[in-house]
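# A look at the structure
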Amino acid sequence: MDTYSKDHDQVPPSTETTNSYALSVPQDPSEVFEVMNPPPDEFDPYKDRPLSTGRYAKRSDAHRQGLWHCSVHIWIVRKRSFGPFPVEILLQKRSMTKDTFPGRWDIS
């Protein structure tokens with residue numbers, strides 16, 4: 001696994017390839033999200049649940065307005081048997097057409 005700067009604005013040399021399995025559109029701006037209340041300061045992600053506002057918003061509106069919504073992040077980590085780092089983390093390069101952080105490296 002190559003290593004890159006911790007600076008999220010720095011994008012490594014192009015690794016763009018054609019992926020026949022990739023979606024033609026990375027996201028549907030009309031996808032609807034349930035709008036959630038911002039978590040309180042004492043929110044415990046292991047026992048508390050997000051609280052719905054009872055409202056829904058399109059993805060494009062939710063992101064543009066900074067509305068809270070549920071999401072999932074999956075970290076794929078494996079131990080290394082050699083090298084200077086004890087683990088590897090699988091990253092993916094975000095599509096240039098994403099509405100947030102296009103072209104940046106991210107978890108799945």
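The structure we're discussing is the one just above.
Before going into details, it helps to say that this report is about the structure given with it. Just so we're clear, the structure is a prediction, and the values are computed from it rather than from any experiment.

## Points about a nonpolar patch on the surface
A cluster of nonpolar side chains, namely Val72, Ile74, Ile76 and Leu90, defines an oily patch on the protein surface of about 380 Å² accessible area. Summarising the element assignment, Ile74 is placed in the loop between helix 1 (59-65) and strand 3 (77-79). Ile74 sits in the partly exposed class, given a relative accessible area of 48%.

## Things to note about the pattern of salt bridges
Overall, the coordinates contain five salt bridges when judged by the stated rule. Here Glu88 ties to Arg78 by a salt bridge, and the two come within 2.5 Å at their closest N and O atoms. Taken together, the residues span a long stretch of sequence, with Glu88 in strand 4 (residues 87-89) and Arg78 in strand 3 at a distance of 10 residues. The exposure class assigned to Arg78 is exposed, which follows from its relative accessible area of 55%. A salt bridge links Arg80 to Glu88; its shortest N-O distance comes to 3.9 Å. On the basis of relative accessible area, Glu88 is assigned to the buried category, the value being 12%. A single salt-bridge network, built from bridges that share partners, covers Arg78, Arg80 and Glu88.

Parameters at a glance
- Residues numbered from 1 in each chain as written.
- Predicted model: local features only at pLDDT ≥ 70, side-chain atom pairs only at ≥ 80, totals over all residues.
- Heavy atoms only, no water.
- Patch = residues over 30% accessible without salt bridge, like charges linked within 9 Å, V, L, I, M, F, W, Y side chains within 5 Å.
- Areas by Shrake-Rupley, 256 points an atom, 1.4 Å probe, with all protein chains shown as cover.
- Salt bridge = Lys/Arg side-chain N within 4 Å of Asp/Glu carboxyl O.
- Helix = DSSP H or I, 4+ residues; strand = E, 2+ residues; numbered from the N terminus.
- Buried < 20%, exposed > 50% of the residue type's maximum accessible area, 1.4 Å probe, protein only.

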